[in-house]
Amino acid sequence: MRKLFIFSTVTFWLVVAGFWLANFFLPLEPPSAVSTIAETADRNFTLSDVALHGREDDCWMAIEVQVYDITAYLPDHPSEPELVLPWCGKEATQAWQTKGKGRPHSPRADQLLAKYRIGKLDEAR
Amino acid sequence: MTSRPTSALVRRFAAPLAALVPPVAAVWWAFPENLPLWRSIAIVAAWAGSGLLVSSIVLMMRETHVARLLGGLESMYRWHHRSGMLAYLLLLCHPLALALDDWLEAPQLAWMLLAPWTQSWPLWLGWAALLLLMFGLTTTFAARLPYRRWRFFHLALGLGVLLGLAHVYALLGGANILLFLIVTTALALGWRLIASDVGAAAHPYHVVRVAHQPGEMIEVLLAPYASALAVSPGQFVLAAFGDGPHYRGCGEYHPFTVSGIEADGVLRLGIKALGPCSQRIQNLEAGVLVHLQGPFGIFLDGTPSRPQLWVAGGIGITPFMAALRAHRRVQPTTLIYLFRSAADAAFLDELSALVRTDPQFELLAEASGRGLPDFPGLLARISQITERDVNICGPMPMVDALMPQLRQLGVAADAIHFERFDFR
Ligand SMILES: Cc1cc2nc3c(=O)[nH]c(=O)nc-3n(C[C@H](O)[C@H](O)[C@H](O)COP(=O)(O)OP(=O)(O)OC[C@H]3O[C@@H](n4cnc5c(N)ncnc54)[C@H](O)[C@@H]3O)c2cc1C
Ligand code: HEM
Ligand code: HEM
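Residues numbered from 1 in each chain as written. Chains lettered and ligands numbered in written order. Predicted model: local features only at pLDDT ≥ 70, side-chain atom pairs only at ≥ 80, totals over all residues. Heavy atoms only, no water.

Examining the coordination of the iron atom of ligand 2
All names here are of chain B. Within the protein, the atoms that donate to the iron atom of ligand 2 are His80 (NE2) and His154 (NE2), at distances of 1.9 to 2.0 Å. Its six donor atoms give the iron atom of ligand 2 angles of 87 to 179 degrees at the centre, a pattern that matches the octahedral case. One end of the pair, His80, is in helix α4 (residues 73–105); the other, His154, is in helix α7 (residues 147–172), and 74 residues separate them in sequence. A residue is classified by how much of its surface remains accessible, and His80, at 14% relative accessible area, is buried. (Donors = N, O, S within 2.8 Å, 3.2 Å for Na, K, Ca; no water. Tetrahedral: all angles 85-135°; square planar, octahedral: opposite > 155°, others 65-115°. Helix = DSSP H or I, 4+ residues; strand = E, 2+ residues; numbered from the N terminus. Buried < 20%, exposed > 50% of the residue type's maximum accessible area, 1.4 Å probe, protein only.)

Structure representation (structure tokens):
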């Protein structure tokens, strides 16, 4: 058991070091490029605006006071379409935060979502 | 007074089956659907690992009834080690599999998941947990640490489990399965620390008499103040000796096998000086308050159905003394008693007297000096060895040397039982 412990621990750190080293040899781009797109668009929408885009080929969602046009992403979504499509044109914060078993979306999904942001939800109206 | 013997099936399977419950329940609940492969692997590894950590904690609770139910402390400790180790392996895979999943998406993301400075506190908790487990296990496998320091560092593992569960709580909130894991851990760890380590569940006894034996060893007679423990021969208790008029006990719980069980709940313990605390116990006097927990252990459990071969090395004679003093042998029984020199051999007179009164009982006492005894020669003197159950209690090198020789003579593996005087 002692040998197994030493072997697995060393292997773990080697793999972590591998990820770290790999990081140096990679171009630094993807998530940072995304945010600039998101900054430029800052229009206000109401929930009724969002409701007009409730179809598979034109799908907006309001999540945490932001409005997203995820039409282009839908074909890439890992789950079956039946899970996501019902939320097109709706306020989907709840669905986003608790995709099955209360499991939140990963930090990466957050970044992915930011790419599709088109504006803010105007809650006053 | 004796309780029902534990069946071989329970001995073997109860602890591992119990260890399976938390991880299986957790993975069942959390089983990922519609998620990419490596993330799913990471999640399954995380829940199986979390569940096994909880199993590991439950298995070291050290509570008499739980121990009976789960096939004895020996088996529980074995599975404590195994489930803890397996949990660790799975939890090493968990962050790596998450990183690999990200890598497949975009290689830059993988390091972002692992590097602590790009994270927030739920994942810092994960890292802290993993590092504590790593540290705790490093000390666990550092064989030469003194026992007290070893135990202290080992406790880091308990903290690691709590931080790991806090990490999941921070990520997912209070899902039922997680609350089940947290409450189970808190109860088991709380029981262990308060009831067992501090001794809140202990029974008060007092020292009636101290008899000095050959070698650095005493035999103590203990009488209960209130309710007595229901001990059977072969079992051990955890004993913490307090203070007397001229004696200051070290107050910690140490395991000692009962060497005699008498009327009115009076127990005998044979204690050899093997380290600082047991050295101090040599100066024990009558009247000292003692706290006992137990009984534990399934050595010599049940009525033998076959002839017996017993092998005792040094202080390992204690469980056999308890059995011999309790009643006459129902099966032919040969005891090989090994010691360094005759001046070191406890109970020798009493054993010789027993040979004269009990025709079923035979004694082979042998001084073996410093090295290992001549096992082939000794075993050659045992008649019908393959017909016998073999029970061994002594130092580990002795057991290790004896095992292959017994197997070579055709003794079946499941006919050999041994008790170790060490939990590590
Ligand atoms: C199941 C069992 C039955 C035992 N029966 C007897 C007996 O009948 N007579 C007898 O003289 N001794 C017995 N021992 C051994 C006895 O418990 C140790 O000698 C004693 O605890 C040593 O403590 P120490 O502080 O004097 O020495 P240390 O130098 O602290 O320890 C010596 C060794 O004893 C073990 N040990 C120390 N403290 C503990 C503890 N709290 N729990 C478990 N192991 C510990 C460690 O492996 C250590 O390496 C038994 C041990 C076990 C596990
Ligand atoms: C990650 C895995 C593990 C965890 C979380 C863990 C946790 C614990 C805890 C909290 C205790 C109680 C300590 C005390 O109250 O003093 C304990 C006791 C113990 N553990 Fe572990 N442990 C793990 C792995 C192991 C391994 C791998 C071994 C041995 C190879 C081991 C051997 C022991 C022993 C011998 C005891 C107690 C002995 C006694 O009762 O005095 N543990 N463990
Ligand atoms: C003892 C250590 C750890 C335990 C017990 C543990 C356990 C868990 C569990 C049970 C989950 C929930 C998975 C799910 O259903 O979504 C989880 C998620 C996660 N853990 Fe850990 N973890 C540990 C260490 C770590 C470490 C060291 C890291 C990172 C460096 C980490 C990163 C994560 C991440 C990112 C998630 C989210 C996974 C997801 O997207 O669902 N964990 N962890």
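After presenting the structure, the write-up continues.
Focus: empty space enclosed by the protein
Residues and elements named next belong to chain B. In this structure the tally under the stated criterion is one cavity of 30 Å³ or more. Roughly 50 Å³ of volume is contained in the largest cavity. Along its surface, the largest cavity is lined by Thr64, Ala67, Arg68, Gly72, Gln235, Pro295, Phe296, Gly297 and Ile298. Those elements that provide at least two residues to the lining of the largest cavity are α3 (64–69) and β6 (289–296). Among the elements that take part in the lining of the largest cavity, α3 stands out by supplying three residues, more than any other. In the lining of the largest cavity, the residues fall into four nonpolar, four polar and one charged. (1 Å grid on protein atoms, 1.4 Å probe; cavity = no way out; pocket = protein on both sides within 12 Å on 5 of 7 lines; lining within 4 Å. Points joined across faces, edges and corners; volume = space filled by probe spheres on them. Nonpolar A, V, L, I, M, F, W, Y, C, P; charged D, E, K, R; others polar.)

Concerning the pairing of strand β5 (residues 267–272) of chain B
Residues and elements named next belong to chain B. Of all the six residues making up β5, five are buried; the element is thus mostly covered by neighbouring parts of the structure. Here strand β2 (residues 217–224) pairs with β5 via six bridges, running antiparallel. The partner of Glu219 across the bridge, within β5, is Gly270. In the sheet, strand β4 (residues 254–261) pairs with β5 via three bridges, with the strands oriented antiparallel. Looking across to β5, one finds that Val258 is bridged to Leu269. (Pairing = 2+ DSSP bridges.)

Quick look at the state of the cysteines
Applying the stated criterion across every chain yields a total of two disulfides over all chains. Disulfide pairing is shown between Cys59 of chain A and Cys88 of chain A; the S-S distance is 2.1 Å. When the S-S torsion is -95 degrees, as for the bridge of Cys59 of chain A with Cys88 of chain A, the disulfide is left-handed. Note that Cys59 of chain A is positioned in strand β3 (residues 58–63) and Cys88 of chain A in the loop between α4 (81–84) and β5 (90–91), a separation of 29 residues in sequence. Using a relative accessible area of 0% as the deciding quantity, one classes Cys59 of chain A as buried. Here Cys250 of chain B is linked by a disulfide to Cys277 of chain B, with a sulfur-sulfur distance of 1.9 Å. (Disulfide = S-S within 2.5 Å.)

Remarks on helix α1 (residues 2–24) of chain A
In an α-helix, one full turn covers 3.6 residues, which means residues spaced three or four apart are oriented alike. Between its terminal C-alpha atoms α1 of chain A stretches 34 Å, which fits the 33 Å expected from 23 residues at 1.5 Å a residue. Residues Phe5, Ser8, Thr9, Phe12, Val16, Phe19 and Ala22 of chain A constitute the buried set of α1 of chain A. (Expected span 1.5 Å × (residues − 1).)

Concerning unusual backbone geometry
All names here are of chain B. The peptide bond linking Gly294 to Pro295 adopts the cis configuration, its omega dihedral lying at -5 degrees. Relative to the assigned elements, Pro295 resides in strand β6. Of note in this structure, Leu300 is not a glycine but carries a positive phi near 60 degrees. Mapping Leu300 onto the fold places it in the loop between β6 and β7 (308–313). What makes Leu300 buried here is its relative accessible area of 17%.

Regarding the packing of α7 of chain B against helix α8 (residues 176–197) of chain B
Residue and element names in this part refer to chain B. As a packed pair, α7 and α8 sit with axes 10 Å apart at the nearest point and diverge in direction by 160 degrees. With respect to their mutual orientation, α7 and α8 come out roughly antiparallel. The way α7 lies across α8 gives a crossing that is left-handed. Each of Arg151, Leu155, Gly158, Val161, Leu162, Leu165, Val168 and Tyr169 in α7 lies in contact with α8, whose residues at this interface are Leu178, Leu179, Leu181, Ile182, Thr185, Leu189, Arg192, Leu193 and Asp197. The residue inventory of the contact of α7 with α8, partitioned by class, reads 12 nonpolar, two polar and three charged. (Axes fitted to C-alpha atoms, helices over the stretch in contact; angles between N-to-C directions. Parallel < 35°, antiparallel > 145°, perpendicular 65-115°, else oblique. Left-handed = near helix turned anticlockwise from the far one by under 90°. Contact = heavy atoms within 4.5 Å.)

Focus: the site of ligand 1
All names here are of chain B. Surveying the vicinity of ligand 1 reveals 25 residues, the closest of which are His254, Pro255, Lys272, Ser278 and Asp422. Here an oxygen atom of ligand 1 and a backbone polar atom of Cys277 are 3.1 Å apart. For ligand 1, whose accessible area on its own is 870 Å², the fraction buried by protein is 90%. Within the residue set of the shell around ligand 1, elements represented by two or more residues are α7, β4, β5 and α9 (276–281). Here the element with the most residues in the shell around ligand 1 is β4; it accounts for four residues. Both domains that meet at the shell around ligand 1, namely domain 1 (4–197) and domain 2 (203–296), each give it at least three residues. (Near = heavy atom within 4 Å. Polar contact = N/O pair within 3.5 Å; in protein donor to acceptor, adjacent residues only side chain to side chain. Areas by Shrake-Rupley, 256 points an atom, 1.4 Å probe, with all protein chains shown as cover. Domains from an automatic or database assignment.)

So yeah, pure geometry; function would need other evidence.
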